[in-house]
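# An overview of the molecular structure
Chain by chain, the residues run as shown.
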Amino acid sequence: MVAEVIYGKQLAENLREEMKQEITTLHEKGVHPKLVVVIIGEDPASKSYVKGKQRASEKVGMDSDLIELPEDTSEQDLLDLISRLNQDDTVHGILVQLPVPDHISDQKIIEAIDPSKDVDGFHPENVGRMLTGQDTFFPCTPYGIMVMLERAAIDVEGKHAVIVGRSNLVGKPVGQLLLNKNATVTHCHSRTKDLKSHTKQADILIVAAGRPGLVTGEHVKEGAVVIDVGVNRVDGKLTGDVDFESAQEVASHITPVPKGVGPMTITMLLHNTIKAAKRIHRV
Ligand code: NAD
């Protein structure tokens, strides 16, 4: 078997085209969805992520602001800025690029964002809503994975989903979203013994560990769906956590890196911002 490749990039482009049209319709109703991205410091990877987010929002016709703050910005100044953005009626989505410098508590920042503008879906109120199966802003990467599975017509109900990784950003929320859709979910992590014995049982295997080549064809059950979330730079090249060639021989579907999950993350951020604007303006 050679797996079908699921290209998030193509799907993301299609979804963004739909969003462009939706934003035009919203403009006609006087609603101008706006995303504000805040970045603190000079980390090159973070800078490139936020530029990508801003470019993508502009491309779909969304208003966007990038606020770049120096590394030594105090926690209080950042909290004051968030409070102003919370009160600004023209702003619908607020995203503070993580990680923030060590002298700032990321949890305090996450909790300061108005949950109705928390387009990253990290505020405990929104996490709680997700946990209890309510509609809310879902974290963008996990949400993007769910949309990829849905659009590839992969039914998750009753399937055994094994997730390698348990971060608050990816592993835990993707497990929760799969559980909400009636999958049977197993989480593996750095302390898991005999990883292969777990991954081999997966109908749907999601790998989000940040360890290049952690999962190979030997870890994959015949006919499984493999979603590679990992983004690693090895010898200057982007690579996932899955050895694509060997896994492709065994899986039924597989996502590549790049052009896989990555482009879906920003797309879901745009989706969440449009959703926030629609909710705030009740349209
Ligand atoms: P993280 O470092 O916060 O978490 C990694 C998780 O993997 C941890 O729960 C850890 O227990 C587990 N892990 C590490 N080594 C392991 C091993 N040998 N066996 C089993 N489990 C192991 O990382 P994260 O923020 O969850 O991100 C994971 C990967 O996904 C990274 O490569 C990151 O760059 C990537 N990522 C991609 C996107 C995207 O848009 N494509 C978005 C977010 C993160």
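These numbers come from a predicted model, not from an experiment.

To continue, consider the site of the ligand. Around the ligand, 21 residues are found, and the nearest of them are Arg166, Ser167, Ser190, Val231 and Thr265. A distance of 3.4 Å separates an oxygen atom of the ligand from a polar backbone atom of Val229. Of the residues assigned to the shell around the ligand, the class counts are nine nonpolar, ten polar and two charged.

Across the sheet, which stays open at both edges, the three strands sit in the order β3-β2-β4 with parallel pairing between neighbours. In this open sheet, the two edge strands, each paired with only one partner strand, are β3 (63-69) and β4 (93-96). Pairwise comparison of adjacent strand axes, ignoring direction, gives a mean angle of 15 degrees for this sheet. Against the sheet, helix α2 (residues 44-59) contacts β2 (34-40), β3 and β4, and its axis sits at roughly 160 degrees relative to β3.

All right, on to the side chain of His253 then. Looking at the element boundaries, His253 is found in strand β11 (residues 253-254). A distance of 2.9 Å separates polar atoms of two side chains, one belonging to His253 and the other to Ser252. If sequence neighbours within four positions are ignored, His253 has contacts with Ala3, Glu4, Ile6, Ile154, Ala224, Val225 and Val226.

Ranked by size, the top nonpolar core spans 51 residues in total, and within it Ile145, Leu149, Leu178, Ile206, Ile227, Val229 and Met264 carry the most contacts. Of all the elements, helix α10 (residues 262-281) adds the most residues to this core, at eight residues. In this structure, this core is formed jointly by two domains, domain 1 (30-114) and domain 2 (140-261), each of which donates at least three residues. Residue contacts for Leu178: discarding those within four places in its chain leaves Met146, Leu149, Val156, Ala161, Ile163, Ala183, Val185 and Ile206. Within the second largest apolar cluster, 17 residues are counted, among which are Leu195, Val207, Val250 and Ala251.

Attention now goes to the pattern of salt bridges. Tallied over the entire structure, the rule returns eleven salt bridges. The partner of Glu42 in a salt bridge is Lys47, with the nearest N and O atoms 3.0 Å apart. For Glu42, a relative accessible area of 55% corresponds to the exposed category. Residue Lys47 is classed as partly exposed on the basis of its relative accessible area, which comes to 22%. Two residues, Asp135 and Lys275, come together in a salt bridge whose shortest N-O distance is 2.8 Å. With Asp135 in the loop between α5 (124-131) and α6 (140-151) and Lys275 in helix α10, this residue pair connects regions lying 140 residues apart in the sequence.

Turning next to the sheet that holds strand β7 (residues 204-207). Reading across from one edge, β1-β11-β8-β7-β5-β6 is the order of the six strands in this open sheet, with parallel pairing throughout. The open sheet terminates on both sides in strands that have one partner only, identified here as β1 (4-5) and β6 (184-188). Two elements, strand β5 (residues 160-164) and β7, share four bridges in a ladder whose sense is parallel. Each bridged residue has a counterpart across the sheet, and for Val162 the counterpart in β7 is Leu205. Each of β5, β6 and β7 is contacted by helix α7 (residues 171-180), which is oriented at about 170 degrees to β6, the strand it contacts most.

This part covers the packing of α6 against α7. Where α6 meets α7, the closest approach of the two axes is 8 Å, and the angle between their N-to-C directions is 40 degrees. Of the possible angle classes, the one that applies to α6 and α7 is oblique. Crossing of α6 over α7 shows right-handed handedness. Residues Pro142, Tyr143, Ile145, Met146 and Leu149 of α6 form the contact with α7, whose participating residues are Pro173, Val174, Leu177 and Leu178. Class assignment for the residues of the contact of α6 with α7 results in nine nonpolar, no polar and no charged.

Taken together, the side chains of Asp43, Glu71, Asp72 and Asp102 present a region of like negative charge at the surface. Relative to the assigned elements, Glu71 resides in the loop between β3 and α3 (75-87).

Next up on the list: the domain arrangement of the chain. The assigned domain composition of the chain is domain 1 (30-114) and domain 2 (140-261). The C-alpha centroid of domain 2 is placed 29 Å from the C-alpha centroid of domain 1.

This brings us to a nonpolar patch on the surface. A cluster of nonpolar residues, Tyr49, Val231 and Leu238, forms a patch on the protein surface that exposes about 280 Å² of accessible area. By the secondary structure assignment, Leu238 is in strand β10 (residues 237-239).

Conventions adopted
Residues numbered from 1 in each chain as written. Predicted model: local features only at pLDDT ≥ 70, side-chain atom pairs only at ≥ 80, totals over all residues. Heavy atoms only, no water. Near = heavy atom within 4 Å. Polar contact = N/O pair within 3.5 Å; in protein donor to acceptor, adjacent residues only side chain to side chain. Nonpolar A, V, L, I, M, F, W, Y, C, P; charged D, E, K, R; others polar. Pairing = 2+ DSSP bridges. Helix = DSSP H or I, 4+ residues; strand = E, 2+ residues; numbered from the N terminus. Axes fitted to C-alpha atoms, helices over the stretch in contact; angles between N-to-C directions. Contact = heavy atoms within 4.5 Å. Core = buried A, V, L, I, M, F, W, Y, C linked by side-chain atoms within 4.5 Å. Buried < 20%, exposed > 50% of the residue type's maximum accessible area, 1.4 Å probe, protein only. Domains from an automatic or database assignment. Salt bridge = Lys/Arg side-chain N within 4 Å of Asp/Glu carboxyl O. Parallel < 35°, antiparallel > 145°, perpendicular 65-115°, else oblique. Left-handed = near helix turned anticlockwise from the far one by under 90°. Patch = residues over 30% accessible without salt bridge, like charges linked within 9 Å, V, L, I, M, F, W, Y side chains within 5 Å. Areas by Shrake-Rupley, 256 points an atom, 1.4 Å probe, with all protein chains shown as cover. Lys, Arg positive; Asp, Glu negative; His and termini not counted. Charge placed at Lys NZ, Arg CZ, Asp CG, Glu CD.

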